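Residue-level structural notes
Spelled out, the chains give:
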Amino acid sequence: MKMSRTLIMFAAVLAALAVAPFVVYPVLVMKVLCFALFACAFNLLLGYTGLLSFGHAAFLGAAAYTTGHAMTAWGLTPELGILAGVLAAAALGAVFGGLAIRRQGIYFAMVTLALAQMLFFFCLQAPFTGGEDGLQGVPRGKLFGLLSLGNDLAMYYFTAAVFFGGFWLIYRIVHSPFGQVLKSIRENEPRALSLGYDVDRYKLLAFVLSAAIAGLAGATKTVVLGFATLTDVHWATSGEVVLMTLVGGVGTVLGPVIGSIVIVTLQNELADRVGSWVTVILGLIFVVNVLAFRRGIVGEIAARLDRR
């Protein structure tokens, strides 16, 4: 039964990815996919390890700036530029994680927020980031030096492949023995420690994996949109990914994807109509979600299916 659900889920994801650019504006779908991968990476840390990071935008933004700079200044191809961004995010995750895992609970969250703010001010002052203007005019380039990504449809299918690869990787991590240890740490850390697991090492590895996948999302977003700005490293972006994960369902595989679709679509549709009030609307959605649907959209659906 569980295997059939998994096959249905992956088949549904593939089918949706195949037809999406013919139904919705491709650039919007690509933006949704990048944030969906970002939310999945965050969910790996919060939903399966029990670590709440308030500074996850640091990894999205660090990879975005690294990829943008590598492709504009060094002339790297898209796949190499994205790889450079992922490596930068993973290295930053190792540093941030090594410092943050020394604390627990709200102290862990505040450490990640403080470190992310340090990166924000670095990006604001560093000469190669473009300051308040950000990095503009990042070329999409040619994949492996052969396939041009200038066409939106070609760029979309590349982005979809990156998303699906990251989504599958997270699924495999969660359902591996390593993932089971992460769940045991989330449920009862002292017990996991008493069983002989090096809890801090598992936490750090989960943090680095989450940072690297978040970097993959940020790097791909830069190639798609052609720019990287301070918004990518701002604390508000860290708050948005928390909202996406909670709305979709913490600790569920599909939850962050659904949450990202809801939040990014609302932002896109309401920004021109209500202006800055869109943040108030998102805040109300968050409150209603916490009060009435604590499991999130996917979590509530799964709970009802299990009861049946």
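What comes next is a walk through the structure. Just so we're clear, the structure is a prediction, and the values are computed from it rather than from any experiment.

A word on empty space enclosed by the protein. Under the defined criterion, the tally for this structure stands at one cavity of 30 Å³ or more. Within this model, the largest cavity holds a volume of roughly 30 Å³. Lining the largest cavity, in full, are L33, C34, L37, T159, V162, F163, A217 and T220. If you list the elements that add at least two residues to the lining of the largest cavity, you get α2 (26-49), α6 (152-174) and α9 (199-225). Of the residues contributing to the lining of the largest cavity, the split by class is six nonpolar, two polar and no charged.

Quick look at the state of the cysteines now. This model, assessed by the stated rule, comprises zero disulfides. Take C40: it sits in no disulfide, and the sulfur closest to it among the cysteines is that of C34, at 12 Å. Of the cysteine sulfurs around C123, a residue in no disulfide, the closest is that of C34, at 18 Å. The class of C123 is buried, set by a relative accessible area of 4%.

Its identity as a non-glycine residue notwithstanding, F144 has a phi of 55°, on the positive side. Tracing the chain through its elements places F144 in the loop between β1 (142-143) and β2 (147-148).

All right, on to the layout of surface pockets then. Leftover empty space is mapped by rolling, across the atoms, a probe with the size of a water molecule. Roughly 1100 Å³ of internal volume is contained in the largest pocket. Considering the residues around the largest pocket, the lining is formed by 36 residues, among which M9, V13, V253, L254 and V298 are closest to the centre. Among the elements that take part in the lining of the largest pocket, helix α1 (residues 2-23) stands out by supplying 10 residues, more than any other. When its residues are assigned to classes, the lining of the largest pocket shows 27 nonpolar, five polar and four charged.

On the surface, V19, F22, V23, V24, Y25, L153 and Y157 cluster together into a nonpolar patch covering about 710 Å² of accessible area. Listing elements by their share of the nonpolar patch, those giving two or more residues are α1 and α6. With three residues, the top contributor of residues to the nonpolar patch is α1. Its location among the elements puts V24 in the loop between α1 and α2. Look at V24 and you get partly exposed, because its relative accessible area is 37%.

Thresholds, definitions, all that
- Residues numbered from 1 in each chain as written.
- Predicted model: local features only at pLDDT ≥ 70, side-chain atom pairs only at ≥ 80, totals over all residues.
- Heavy atoms only, no water.
- 1 Å grid on protein atoms, 1.4 Å probe; cavity = no way out; pocket = protein on both sides within 12 Å on 5 of 7 lines; lining within 4 Å.
- Points joined across faces, edges and corners; volume = space filled by probe spheres on them.
- Helix = DSSP H or I, 4+ residues; strand = E, 2+ residues; numbered from the N terminus.
- Nonpolar A, V, L, I, M, F, W, Y, C, P; charged D, E, K, R; others polar.
- Disulfide = S-S within 2.5 Å.
- Buried < 20%, exposed > 50% of the residue type's maximum accessible area, 1.4 Å probe, protein only.
- Patch = residues over 30% accessible without salt bridge, like charges linked within 9 Å, V, L, I, M, F, W, Y side chains within 5 Å.
- Areas by Shrake-Rupley, 256 points an atom, 1.4 Å probe, with all protein chains shown as cover.
- Salt bridge = Lys/Arg side-chain N within 4 Å of Asp/Glu carboxyl O.

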